[in-house]
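Fold and geometry: a report
Here are the chains, one letter per residue:
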Amino acid sequence: MNLQINKQSVTPVYKQIANGIWALIREEELVNGYKLPSERQLARELGVHRNTVVRAYEELIAEGLVVAQRTSPRGYFVLRNEKIREGNLFFPLSKMIRYQFSPDEKTFAQIFEDSGADNYITLAGIVMDEKLSPALWMDEIFDEMKAGRWAQNAKTQESREIARLKENICRLLRGRNMYVNPKNVQLVLETTHALSVIIEMYLEKGDCVIVEEPVIPDTVNLFRNRGIETVYVSMEADGFNLKEMEILLMNKNPKFIYVMTNYQSPSGTVMSLEKRKALLALSHKYGVPIIEEDSVWDFNYTGKKMPTLYSMDCYKSVLYIDTFSLTFLPGIKTAFVVGPYEPIDMMGRYIIMSQVSIGNIGQYMLNEFIERGAYEKYLKMMCAAYKRKMELLCERLETIEEIRFTKPQGGLNIWCSLAPPLNEKELYLTCRGLGLLIMPGYLFYPRGYHGQGHVRLCFANIEETRIDEAVSLLKQGIAMTLEKAEERKK
């Protein structure tokens, strides 16, 4: 607020503040319902004691110009020309928000955000290692861009990069035995963007989607906030529970099945060939298409490649999603959807209508990186580096009696089971207090927890030299958590 006070004036400062606010109300700079600054905030702004502001507000309240609201939303509000009933003040924008996050989703998002902080050793959020950035391989491309090559392309060939990238994606997919045409590829910003577009194109409020559980909270949030019912099929060692899947298909009449076939997150499960065949057969039998996300395909530590559902599909019933977000420059958001021509064409039209732009400069750099042969060489180096981290972490975790896990074949996580009576939430909070971030497993079970506790440990952003320290803190956290459990028994 534009308030001026004169501490040399004979008029008490609190009256100067009250008079100044009254003048702003009179001139309608402050209108009915306007929330005034808090006592401390205004005191700090004017350089006076808080009690001075309190007295000024009390005077305005006594004159009927301001009301003090003690229930939410709390604070001091301008009251002009009409009485506002207690408890009736509200802010329509905050009350009208339809997009919501559950408490577990908020916790997941906060842990992910904290995973980038320097004050923690992190085995939690998937944050990629900056020391393995492809930027270190791209000096020649950057030099050419500085010399103006990109600027020339930007002026004359704005759509060329899209066509180039689709061609390059088709070439990369041939390494997965997926032979597709550029007309079957649509560029999107991210896997979540792809899901959002699919929801808008195909689903209505009240529709149902089958999802594997455990599942990333962000995925559930996308469906739930569009009014889509998510029903969950449990995971086994070789993928989804086949009997549960068919029961859900018979009873729930879903519109889509959403699966991660390779290194499912967070469990790290690889769907067996038998279950891939069975899923396609069920999809055809019940007429339910499949969304196949394969965003960690490149993090393969065994060399064994399983065929994608898309490559096995004879019925044009699969939409395949992948992203470059984990394998290219951070911030250059580029992902893609592969599918039959008609839905891919409509998806492209929808994205144009939505005025969503996939940055040409990022596409140019990615195209150059791929076409020079550097991308595939980089992937081999990156995969080898993450494999070393994974193996070292697994080796150290084997020394902890209270943890059981299966060594992952790929991906960026290790999914661990905790021995009773370890409580994963308590373990997470204890480890956090020690300076170690882990991801508690209950966050990945939207329908509620069944069975013993879990934690997800991500090795993406931890230096190899700090893995011993991280495991030492984890052991300490486990000991402290178990000690608390014993104390409660007494």
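This text follows the structure it describes.
For every chain, the first residue of the written sequence is number 1, and numbering continues from 1 onward in sequence order. Only residues with pLDDT of at least 70 are given local features in this predicted model, and only at 80 or more are side-chain atom pairs given and counted; all residues enter the totals for whole chains, interfaces and linings. Water and hydrogen atoms play no part in the side-chain values, which are based on all heavy atoms of the structure.

Things to note about helix α14 (residues 341–354)
The cut-off we apply is this: Here a strand is any run of E in DSSP of at least two residues, a helix any run of H or I of at least four, and the numbering for each starts at the N terminus. In this analysis, the expected span of each helix is defined as 1.5 Å times one less than the number of residues it contains. To sort residues, take the accessible area from a 1.4 Å probe on protein chains only and compare it with the maximum for the residue type: under 20% means buried, over 50% means exposed, and anything in between is partly exposed. The arc in question is the one traced by the directions running from the helix axis out to the C-beta atoms. Contacts were defined at the residue level, with two residues in contact if any of their heavy atoms lie within 4.5 Å.
In this model, α14 (14 residues) spans 20 Å end to end at C-alpha, consistent with the 20 Å of a helix rising 1.5 Å per residue. Within the sequence span of α14, burial applies to P343, I344, M347, G348 and I351. The buried side chains of α14 occupy one side of the element, clustering within an arc of 140° when seen end-on. Away from its buried face, by an angle of more than 90 degrees, α14 presents the exposed residues E342, R349, I352 and M353. Residues of α14 that are buried make contact with β4 (185–188), α9 (191–202) and β11 (335–338).

Things to note about the packing of aromatic side chains
Heads up, the condition is: Under the pairing criterion, centres of Phe, Tyr and Trp rings, with the six-membered ring standing for Trp, must be within 6.5 Å; the plane angle then separates stacked pairs below 30 degrees from edge-to-face pairs above 60, leaving the rest tilted.
Summed over the entire model, instances satisfying the criterion amount to twelve aromatic pairs. For the pair F108 and F444, a centre-to-centre distance of 5.8 Å together with 80° between the ring planes defines the contact as edge-to-face. Remark: F444 occurs in the loop between β14 (436–440) and β15 (454–458) and F108 occurs in helix α5 (residues 103–114); sequence separation between them is 336 residues. Note on accessibility: F108 and F444 belong to one class, buried. Ring geometry for F324 and Y375: centres 5.9 Å apart, planes at 65°, overall edge-to-face. With a gap of 51 residues between them, F324 in the loop between β10 (318–323) and β11 and Y375 in helix α16 (residues 374–397) connect regions that are remote in the sequence.

Observations concerning the sheet that holds strand β7 (residues 239–240)
What counts, and what does not: Should DSSP find at least two bridges between two strands, the strands are taken to pair. Lines fitted to C-alpha atoms define the axes, with helix axes restricted to the stretch in contact, and inter-axis angles between N-to-C directions lie between 0 and 180 degrees.
Overall, mixed pairing links the eight strands, which are arranged β4-β11-β10-β9-β8-β5-β6-β7 in an open sheet. Across the chains shown, the open sheet's two edge strands, defined by having one partner strand only, are β4 and β7. Lying on the sheet, helix α8 (residues 160–173) is in contact with β4, β10 and β11; it crosses β4 at an angle near 115°.

Focus on the pairing of strand β13 (residues 413–418)
In terms of burial, β13 is a largely internal element, six of the six residues being buried. Neither face of β13 is exposed, since N413, W415 and S417 on one face and I414, C416 and L418 on the opposite face are all buried. Note that β13 and β15 share five bridges and pair antiparallel. Across the sheet, residue N413 finds its bridge partner in β15, namely C458.

Some remarks on the side chain of N300
The condition is simple: We define a polar contact as two N or O atoms separated by no more than 3.5 Å, with the added condition that, inside protein, one atom must be a possible hydrogen donor and the other a possible acceptor, whereas residues neighbouring each other in sequence contribute only through side-chain atom pairs.
Relative to the helices and strands, N300 is located in the loop between β9 (290–293) and α13 (309–312). Side-chain polar atoms of N300 contact the side chain of Y263, separated by 3.2 Å. Non-local contacts of N300, meaning those with residues more than four positions away in its chain, are made with Y263, K305, C383, Q409 and G410.

As for the sheet that holds strand β12 (residues 403–405)
Taking strand neighbours across the sheet as the criterion, the five strands line up as β3-β14-β15-β13-β12 in an open arrangement whose pairing is mixed. Both edges of this open sheet fall to β3 (121–123) and β12, since each of them pairs with a single strand only. Averaged over all adjacent pairs, the angle separating strand axes in this sheet is 35°, with direction ignored. Inspection of the sheet shows β14 paired to β15 by two bridges, in the antiparallel sense. Of the residues in β15, the one forming a bridge with P440 is V455. Contacting β3, β12, β13 and β15, α16 runs over the sheet at an angle of about 15° to β13.

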